[in-house]
Amino acid sequence: MGFVLGLVMGVIVGLALIVGFVRSENSRSKRRSELATTVAAFARMTVGDSRKLLSPEHYPSWVVFSQQQKLTWLNLQLEKIWPYVSEAASELIKTNVDPILEQYRPVLLASLSFSKFTLGTVAPQFTGVSIIEDGSEGITMELEMQWDGNPSIILDIKTYLGVALPVQVKNIGFTGLFRLIFRPLVDEFPCFGAVCYSLRKKKKLDFTLKVIGGDISTIPGLSDAIDGTIRDAIEDSITWPVRKIVPILPGDYSDLELKPIGILEVKLVQAKELTNKDLIGKSDPFAKLYIRPLRNRMKKSRTINNQLNPVWNEHFEFIVEDASTQHLTVKIYDEEGVQSAELIGCAQIYLKDLEPGKVKDVWLKLVKDLEIQRDNKNRGHVHLELLYCPFGMKNGFTNPFAKNFSMTSLEKVLKNGAEGKEVAENGDEVKKRKEVIIRGVLSVTVISAEDLAPTDLMGKADPFVVLTMKKTEAKNKTRVVNENLNPVWNQTFYFVVEDGLHDMLIVEVWDHDTFGKDYMGRCILTLTRVLLESEYKESFELEGAKSGKLNLHLKWTAQPIFRDRD
């Protein structure tokens, strides 16, 4: 009986093990099948599909989706024909670049030209090509090129003292993106009228300078001067938006030439929380701003000594030649006296992000390098006010910074008197130019504040607001609202402003105490927006505070006057 029972139990356990194993294998097979289906689906995914599934913040910093196609075949053919290309291109480049070098010749040199120029035996490598869909009537292609060549380039330099120096340009390393534009498309072979080429983006340009048989450091400043000359020559001769036009078929291609299309008005307002570069005291910051990094197009602010939260309130104007691709770059430096200034941080904003005729107020985070976006260190922020004014804009918009800016009909009445006359020493009448000073009354309504940071031990505050015009130092203040972190004032103040384009309104929030007051934050406002819009209501984040917003209503009543300008 025991044997039979044991046999039955053994059979049952055996069957159970077999059933369990079969079910386990079926389950594993199903999972493998589902995983294979998922992998196959991922394999069929395009870059666009993956971007729809995952937002950019889910990708590691090293993941890059390239739209470029490889050009191995082109590089193989270029290596074969490079000896002939090098010989032909060397003379062509030398002939075209010599006049540009002379144009940008440093003042300490009497002459600057090539005495020898050959591209060497190492062919450049094209690492990718892409077609740009920009909606234009033509074909736009971009080629990425990398070149670590062995050219033989010698500059013939002569100083005003009669010293002649042969300077060799060595160890050239270049990576850049070239743009080719085939336009217009025509019904005649080769189906396009002209080709435009330009250096769309210069990713890397390294080289060293060496005096043959001597030391370049024997003449102070010579190396930096030549370095800057070479870079300026490249920037102004071929770097986008500059483009070279090669006609293929007869025709007028003036529409392809580089032309100014507008003006960018920039007000450098302030910076905050800058990194301190000095061991003793604080940094002495100044700013450089540019759209194209040419020395004659760069703008520089004044230096504010011993300050990590500088307020500049300086206005600059830049020519715009391609709003779709150009950007404004801002670099903040620490002034070091006789030594080279030290970079604190830099930032940039693309012009395509600006709405024409609309003031954009932005805070930009400063980074160490604009090309490598992996800088998590807090280097500070810079505050800009931007206004892009395309030429020929017709929607009732007028640029307040323009010399012929008219704010009211009063100016039309006075137009005939806008050009005054004065008597010169010889008795002749001489026209004296006058400019309109934007004078008016600024009305500021302090409506309320929200989410102020507590300053009292009981978790409350007794806030009030102080308003100050920076130029005249005219001040007004609201009443105190006791024990409230969301106070409501609804008080209106009026300021007579003599120069609206260059004045600022500083609004500070304070906590009232019996024996003093505690700072709760501030906001600094330029008047450009209220000049354009006449009035607006806005909520402003408080600077220098853990939290808090200030709700203001600003209104401008213009009273233009005329003032002689030397």
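The rules behind the values
- Residues numbered from 1 in each chain as written.
- Predicted model: local features only at pLDDT ≥ 70, side-chain atom pairs only at ≥ 80, totals over all residues.
- Heavy atoms only, no water.
- UniProt positions renumbered as here; feature names shortened; annotations may be inferred.
- Pairing = 2+ DSSP bridges.
- Helix = DSSP H or I, 4+ residues; strand = E, 2+ residues; numbered from the N terminus.
- pLDDT = per-residue confidence, 0-100.
- Contact = heavy atoms within 4.5 Å.
- Buried < 20%, exposed > 50% of the residue type's maximum accessible area, 1.4 Å probe, protein only.

The name given to the chain in an unreviewed UniProt entry is Synaptotagmin-5-like isoform X1, with the source organism recorded as Coffea arabica. Taken verbatim from the UniProt record of the chain, the Sequence similarities (unreviewed entry) comment is "Belongs to the synaptotagmin family." The UniProt entry for the chain carries this comment under Subcellular location (unreviewed entry): "Membrane".

Below, the discussion takes up the sheet that holds strand β10 (residues 299–300). Strand order across the open sheet formed by four strands is β10-β9-β12-β13, with antiparallel pairing between neighbours. With one partner strand each, in any of the chains shown, β10 and β13 (342–350) form the two edges of the open sheet. Two elements, strand β12 (residues 327–334) and β13, share eight bridges in a ladder whose sense is antiparallel. Counterpart to Tyr333 in the pairing with β13 is Leu343.

Okay, the confidence of the model for the chain next. The predicted coordinates of low-pLDDT regions are not to be read in fine detail. Overall, the prediction assigns the chain a mean pLDDT of 80, with 82% of residues at 70 or greater. A low-confidence stretch, residues 406–436 (pLDDT under 50), is modelled with 45 contacts involving residues beyond four sequence positions or located in other chains. Here residues 562–566 is modelled with pLDDT under 50, and outside its nearest four sequence neighbours on either side it reaches 14 contacts, counting other chains as well.

The next subject is unusual backbone geometry. The step from Arg183 to Pro184 runs through a cis peptide bond, and the omega angle for that step is -5°. Looking at where Pro184 falls in the secondary structure, it is placed in strand β5 (residues 164–185). Here Trp240 and Pro241 are connected by a cis peptide whose omega angle stands at 15°. Looking at where Pro241 falls in the secondary structure, it is placed in the loop between α4 (222–237) and β7 (244–247). A positive phi angle, near 80°, is found at Cys191, a position not held by glycine. Of note, Cys191 is situated in the loop between β5 and β6 (192–211). A positive phi angle, near 75°, is found at Ser534, a position not held by glycine. Mapping Ser534 onto the fold places it in the loop between α6 (528–533) and β25 (535–541). Of the residues examined, Ser534 reaches a relative accessible area of 40% and is grouped as partly exposed.

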